[in-house]
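Each chain is listed here by its residues.
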Amino acid sequence: MTEVAYDETWLAKLPTQTLPEASRRLPLHEQFHKQARLTPKNIAVVDDHRMLTYEELNFRVLVLGEHLRTNFDIGLDVPVGIYMEPSVNYVISFLSAMSAGGCFVTIENAYPVDMIRAVCSDAKVGVVLTTRAMALRLQAVDIPVFIVDHNFDTVTALVEETDVSVQELEERRLAAPCATLDNLAFMVYSSGTTGKPKGIANPHRAPVMSYQWRWGLSESGDRVACNVFYIWEAIRPLLRGAATYSIRPDQIYDGPALCSFVERHKITEILFTPTLLQNLLVQTSPKTVKEKMESVNTVYLNGEVLSRELAQKAIKTLPHVRFINLYSISECHEIASVDISLLDYEKEPTGFCPVGYPSPLTPPYILDEDMKKVKDGEPGELYVSGPLLAREYLNMPDTTASRFPENPYTEDHVQGGDCRMYRTGDRARMLPNGMLEVLGRCAFMVKIRGYSVVLGAIEHALVNYVALKSCAVIADGAEGSEKRLVAFVVRLAGQSQANEPVDESGKPKLMDFTIDQSTGICLDIQKKMAANLPHYMVPTVYI
């Protein structure tokens, strides 16, 4: 793995109203353990089945962390897979992986088995933490599995039988090699151009500093509801003594159910993609949304372009709420933000909201094809720099080098970071008021319900698994609205059962399929693709 050196003067540039400087130098799990000692009786995590205080959560994290360290050899930068739905067990799992000295890898529930196997192999996962409900899907994956809602009770009982105190567990943890800000905290996988997911390796430094900036924008709510971008949102409250509330996947897409969840738990902060917010406002009357979301004071909007129409509708429905449009990318975290109530909507000519004022931690550059700066106000490709950049794309040195080139403009901003920049692939421009406006993707990547999807990866998978001569995939729908994937396919002619084409693994391709000419639905191809791609990458219309 690539080693990157940083200039610590960046720490002095963080908002002064956040944590003391000593805490800002601590990795994520160390900040959690420290917070647990400060607020042991505060509620820490809640889901539909249980609630834990900081004291109770800390004990479970220390127990499972030691078990991972001693039984699965989890140590510095060793990945622990997590495969489960958002829940209290998920929080226990990612904190335990980091507390053991390692990092965690999010394995999406939408992944088919072959993709789960590929991710675990690529990341060299030491063990996968899962639940009984999900464990059956891992039987075909040759990797050690620990079922948190089953095996954990046995481990805890052994600890209690030996009468080991929390202090002893803490001493054992500190006796092992301890992570620094430069060690890995987590890896997330995103769509790749060939269908193979790319592992984005993020050190502790990036989220630690990014959270500091977020707290400067808005103090963390005391009851934070989390589902979208779950790991990113679920960790942050636990570093400030607040509570993380896990929303089930079926609840986040059900407007009335989500409103009831918010009302029942008196949620004060939540994040939506614009598509999810639009879904809420369509499914539920404005009167019901306002009444049931009375406790909410902050809503973050992230993952997609925000239309002016949706922004104004949200402000009108929930006038007591502060809406913050947040632009972030997995490879470099938060880039810009703005309180959308402060925008002059009459002067937004594109119909979309700017993503806001750039963060000083991720200085932006708008460059042309030769990486030269464009004139003020002109569009170009957005690059960002600073200390929040990911370490690398795991096991992909060429891709890392092309997407994280050397920064030729380091003299333009405060020194820090690693002299690299990240090529986002977004077209953008700087507005006269100093805000950043994102105009769309430069080429082949689109956003589908907040997920970054490379269209070429879908095209590659279609040609690989279906007997096609060629295909092209587009995202149909305007920016700011819910898009659908449309595949234009050309059958492979002249094939027979005796001359059956095979995919890259040697298995027969799908030859017989029928497209409904009136609807464009092809259940045969959809079923084949659903077995090999996440659900959000499967086209819904075929032509």
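Cut-off values and rules
Each chain has its residues counted from 1, following the order in which its sequence is written. Restriction of local features to residues with pLDDT of at least 70 applies here, the model being predicted, together with a cutoff of 80 or more for giving and counting side-chain atom pairs; totals for whole chains, interfaces and linings are based on all residues. Note that the side-chain values use all heavy atoms of the structure and ignore hydrogens as well as water. Three exposure classes are used, based on accessible area relative to the maximum for each residue type with a 1.4 Å probe and protein chains only: buried under 20%, partly exposed in between, and exposed over 50%. In this text, helices come from DSSP runs of H or I with a minimum length of four residues, and strands from runs of E with a minimum of two, each type numbered from the N-terminal end. Criterion used throughout: strands pair if DSSP finds at least two bridges between them. Contacts are assigned to residue pairs with any non-hydrogen atoms lying within 4.5 Å of each other. The axes used here are C-alpha line fits, helices contributing only the stretch in contact, and every angle between their N-to-C directions lies in the interval 0 to 180 degrees. Geometric relationships in this document are graded by angle, where less than 35 degrees denotes roughly parallel, more than 145 denotes roughly antiparallel, 65 to 115 denotes roughly perpendicular, and other angles denote oblique. Note: crossing handedness is left-handed where the near helix turns anticlockwise from the far helix by less than a right angle, and right-handed where it turns clockwise. Salt bridges, as used here, are contacts in which a Lys or Arg side-chain nitrogen is within 4 Å of a carboxyl oxygen on Asp or Glu. Every definition here rests on a 1 Å grid over the protein atoms only: cavities are sets of points where a 1.4 Å probe fits but cannot get out, pockets are open sets enclosed by protein on both sides within 12 Å along at least five of seven lines, and lining residues have some atom within 4 Å of a point. Grid points are joined across faces, edges and corners, and a volume is the space filled by probe spheres set on the points. Note on residue classes: Ala, Val, Leu, Ile, Met, Phe, Trp, Tyr, Cys and Pro are nonpolar, Asp, Glu, Lys and Arg are charged, and everything else, Gly too, is polar. Centre distance within 6.5 Å is the pairing criterion for rings of Phe, Tyr and Trp, where only the six-membered ring of Trp is used; planes under 30 degrees apart are then read as stacked, over 60 as edge-to-face, and the remainder as tilted.

**What to know about the pairing of strand β3 (residues 79–83)**
With five of its five residues buried, β3 lies for the most part within the structure. Residues P79, G81 and Y83 line one face of β3 and the alternating positions V80 and I82 line the opposite face, and both faces are buried. Pairing geometry for β3 and strand β4 (residues 103–106), over four bridges, is parallel. Across the sheet, P79 pairs through a bridge with C103, a residue of β4.

**Re the environment of S165**
Along the chain, S165 turns up in the loop between α7 (148–161) and α8 (166–175). S165 gets classed as partly exposed once you look at its relative accessible area, which sits at 30%. Linking S165 and F59, residues 106 residues apart in sequence, is a C-alpha distance of 9.1 Å.

**A word on the environment of M187**
Within the secondary structure, M187 is located in strand β7 (residues 184–190). By relative accessible area, M187 is classed as buried at 0%. Along the primary structure M187 and P79 are separated by 108 residues, whereas in three dimensions their C-alpha atoms are 8.1 Å apart.

**Observations concerning the sheet that holds strand β18 (residues 392–393)**
Either a parallel or an antiparallel arrangement is found when strands of a sheet pair, and the pairing is made through backbone hydrogen bonds. Ordered in space as β6-β5-β3-β4-β7-β8-β18, the seven strands form an open sheet in which the pairing is mixed. Strands at the two margins of the open sheet, each flanked by one partner only, are β6 (145–147) and β18. Where β7 meets strand β8 (residues 198–203), six bridges bridge the pair, whose relative direction is antiparallel. Along β8, the bridge assignment pairs V188 with I200. Strands in contact with helix α4 (residues 88–99) are β3, β4, β5 (128–130) and β7; relative to β4, the strand with the most contacts, it is inclined by about 140 degrees.

**Points about the packing of helix α2 (residues 28–38) against helix α3 (residues 54–71)**
One can describe the packing of α2 onto α3 by two numbers: an axis separation of 9 Å at closest approach and a directional angle of 140 degrees. Judged by the inter-axis angle, α2 sits oblique to α3. Note that α2 runs across α3; the crossing there is left-handed. Of the residues in α3, those in contact with F32, H33, Q35 and A36 of α2 are Y54, L57, N58, V61 and L62.

**Considering the pattern of salt bridges**
Counted by the stated rule, this structure contains 23 salt bridges. Here E66 makes a salt bridge to R172, at a shortest N to O gap of 2.6 Å. Of this pair, E66 sits in helix α3 while R172 sits in helix α8; the two residues are 106 residues apart in sequence, bridging distant segments of the chain. The exposure class assigned to R172 is partly exposed, which follows from its relative accessible area of 38%. Each of R214, E233, R236, E269 and E334 takes part in a single network of salt bridges with overlapping partners.

**Brief notes about the sheet that holds strand β23 (residues 468–476)**
Here we have three strands laid out as an open sheet, ordered β23-β24-β25, and mixed in their pairing. Either end of the sheet is taken by a strand with one partner, and the two such strands are β23 and β25 (541–542). Strands β23, β24 (484–491) and β25 of the sheet are contacted by helix α17 (residues 455–465), whose axis makes an angle of about 150 degrees with β23.

**Re the layout of surface pockets**
Quantified by volume, the second largest pocket comes out at close to 510 Å³. Taken together, 20 residues form the lining of the second largest pocket, with D114, N464, Y465, E504 and N532 sitting closest to its centre. Residue assignment for the lining of the second largest pocket shows that the elements contributing at least two residues are α5 (113–123) and α17. Among the elements that take part in the lining of the second largest pocket, α17 stands out by supplying four residues, more than any other. Here the lining of the second largest pocket is composed, by residue class, of eight nonpolar, six polar and six charged.

**Brief notes about the packing of aromatic side chains**
Across all of its chains, the model carries eleven aromatic pairs by this definition. Between the aromatic rings of F32 and Y54, the centroid separation amounts to 6.2 Å while the plane-to-plane angle is 25 degrees, which identifies the pairing as stacked. With F32 in helix α2 and Y54 in helix α3, this residue pair connects regions lying 22 residues apart in the sequence. Assigned by exposure class, F32 and Y54 land together as buried. Plain terms: the ring middles of Y211 and W215 are 6.2 Å apart, the flat faces sit at 45 degrees to each other, and that makes the pair tilted. Placement of the pair is Y211 and W215 together in helix α9 (residues 205–217), with a separation of four residues, close to one helical turn. The class for W215 is buried, based on a relative accessible area of 1%.

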